[in-house]
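# Survey of secondary and tertiary structure
Now for the letters of each chain:
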Amino acid sequence: MNVLVIGANGKIGKMLVKLLVESGEHTPTAMIRKKEQQAVFENMGARTVVADLEGSTADLSSIMADMDAVVFTAGSGGHTGPDKTLLIDLDGAAKAIEAAGQKGVGRFLMVSAIGAEDRERWSDAIRPYYVAKHHADNILRASGLDYTIVRPGLLLDEPGTGRVSASEHLEPGGIPREDVAHAVFEALDKENTRNLSFELVSGDTPVREAIEQL
């Protein structure tokens, strides 16, 4: 598949692009915001495209012409305020979903957050983030696209273990970003993950097996 990774310069995005390149099965295109970020991905052997989620839907649509799948793993980041969360995590996602629909992209994978579907589980400290994820997920589900929504727990920077728990509902927990990237990679072309939302935390099951068992 030709796969557009939106948010490729983030930690999960970089790991996912690397996995896609190394697999030899897929051709990733890293969507980045700045030209100076190109070298990292070109050194991996990945294509790049410079675009901005705060731009127009038409701009996003124009870079999806040859894509078979889109992975949305972008985020405004913890250093920004609720305004950027609204513009990137919600409206940016909505525009990407709309653009994918316009171009007939076959697959759309969203990296969301554990508990995003249930307001009772939201942390007051980052409630705007959960609001954005909740509604972006709902927009994707209603879009008619062939979707998968991955909802990881607390994201950790430690090395991945290669073992996770994946299910529709899980108790809160943490998970290394590396394992999230691996799970998204495995879910990309698995028939059983189509039109499915699932939560993901560290566990005891090898990543591929956990995804295949969903």
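First things first, this report covers the structure right here in the doc. Position numbers for residues start from 1 in each chain and track the written sequence from start to end. Restriction of local features to residues with pLDDT of at least 70 applies here, the model being predicted, together with a cutoff of 80 or more for giving and counting side-chain atom pairs; totals for whole chains, interfaces and linings are based on all residues. By convention in this description, side-chain values take in all heavy atoms of the structure and omit both hydrogens and water.

For the rest of this paragraph, the subject is the overall build of the chain. Helix and strand counts for the chain stand at 7 helices and 11 strands. Between the two quantities, the radius of gyration covers C-alpha atoms and the globule rule is 2.2 Å times the number of residues to the power 0.38. Expected size for 214 residues packed as a compact globule is a radius of gyration near 17 Å; at 16 Å, the chain falls within 12% of this value. Summarising its shape, the C-alpha atoms of the chain cover approximately 40 × 40 × 35 Å along the three principal directions. A 1.4 Å probe rolled over the protein chains alone gives each residue an accessible area, and that area as a share of the maximum for its type sets the label: buried under 20%, exposed over 50%, partly exposed in between. Every one of the 214 residues in the chain was classed for burial, and the buried ones make up 47%. Accessible surface, the chain: about 9700 Å² in total, of which carbon and sulfur atoms supply 48%. Charge convention: Lys and Arg are scored as positive, Asp and Glu as negative, and His as well as the terminal groups of each chain are ignored. A charge is said to be at NZ when it belongs to Lys, at CZ for Arg, at CG for Asp and at CD for Glu. Measuring between centres, the 22 positive side-chain charges of the chain sit 4 Å from its 32 negative side-chain charges. Note on conventions: DSSP H or I runs of at least 4 residues are helices, E runs of at least 2 residues are strands, and numbering of each starts at the N terminus. Here the accessible surface of atoms and residues is derived via Shrake-Rupley with a 1.4 Å probe, and residues count as covered only by protein chains that are part of the display.

Turning to the nonpolar core, a few remarks are in order. Only buried residues count toward a nonpolar core, which is a set of Ala, Val, Leu, Ile, Met, Phe, Trp, Tyr and Cys residues joined through side-chain atoms within 4.5 Å. In this structure, Leu 16, Val 184 and Leu 200 are the most contacted members of the largest nonpolar core, which totals 30 residues. Elements with a minimum of two residues in this core: β1 (2-6), α1 (11-23), β2 (27-32), β4 (69-72), β5 (107-111), α6 (177-187), β10 (196-202) and α7 (207-212). Looking at which element gives the most residues to this core, the answer is α6, with 6 residues. Counting 29 residues, the second-largest nonpolar core is a separate cluster that includes Met 64, Ala 96, Phe 108 and Met 110.

Attention now moves to the packing of helix α4 (residues 82-103) against helix α5 (residues 127-141). Axis lines are fitted through C-alpha atoms, for helices just across the contact stretch, and the angle between N-to-C directions can take any value from 0 to 180 degrees. Running from N to C, α4 and α5 point in directions that differ by 10 degrees, and their axes come no closer than 9 Å. Relative to α5, the element α4 is oriented roughly parallel. Contact with α4, carried on its side by Pro 82, Thr 85, Asp 89, Leu 90, Ala 93, Ala 94 and Ile 97, involves Pro 128, Tyr 129, Ala 132, Lys 133, His 135, Ala 136, Ile 139 and Leu 140 of α5 and no other residues of that element. By residue class, the composition of the contact of α4 with α5 is 11 nonpolar, 2 polar and 2 charged. Roughly parallel covers angles under 35 degrees, roughly antiparallel covers those over 145, roughly perpendicular covers 65 to 115, and oblique covers all other angles. Residues count as neighbours in contact if any of their non-hydrogen atoms are within 4.5 Å of one another. The classification used treats Ala, Val, Leu, Ile, Met, Phe, Trp, Tyr, Cys and Pro as nonpolar, Asp, Glu, Lys and Arg as charged, and all other residues, Gly among them, as polar.

Moving on to the packing of aromatic side chains. Geometrically, a pair of aromatic rings is defined through the distance of the ring centres and the angle of the planes. Planes of paired rings set the category: under 30 degrees apart is stacked, over 60 is edge-to-face and the rest tilted, where pairs are Phe, Tyr or Trp rings (Trp by its six-membered ring) whose centres lie within 6.5 Å. The tally for this structure, following the rule as stated, stands at 2 aromatic pairs. With centroids separated by 6.1 Å and ring planes inclined at 15 degrees, the aromatic side chains of Trp 122 and Tyr 130 adopt a geometry described as stacked. Across this residue pair, the class does not change: Trp 122 and Tyr 130 are buried. Ring centres of Tyr 129 and Tyr 130 lie 5.8 Å apart, and the angle between their planes is 75 degrees; this geometry places the pair in the edge-to-face category. Among the aromatic residues, those joined into a cluster by ring pairs are Trp 122, Tyr 129 and Tyr 130.

A few words now on the pairing of β4. Residue alternation in β4 divides its side chains into two sets, Ala 69 and Val 71 and Val 70 and Phe 72, and both sets are buried. For two strands to be treated as a pair, DSSP must find at least two bridges joining them. Pairing analysis gives 4 bridges linking β1 to β4, with the strands arranged parallel. Each bridged residue has a counterpart across the sheet, and for Val 3 the counterpart in β4 is Ala 69. Of the pairings in the sheet, the one linking β4 to β5 comprises 4 bridges and is parallel in character. In the sheet register, Val 71 faces β5, and the bridge partner there is Leu 109.

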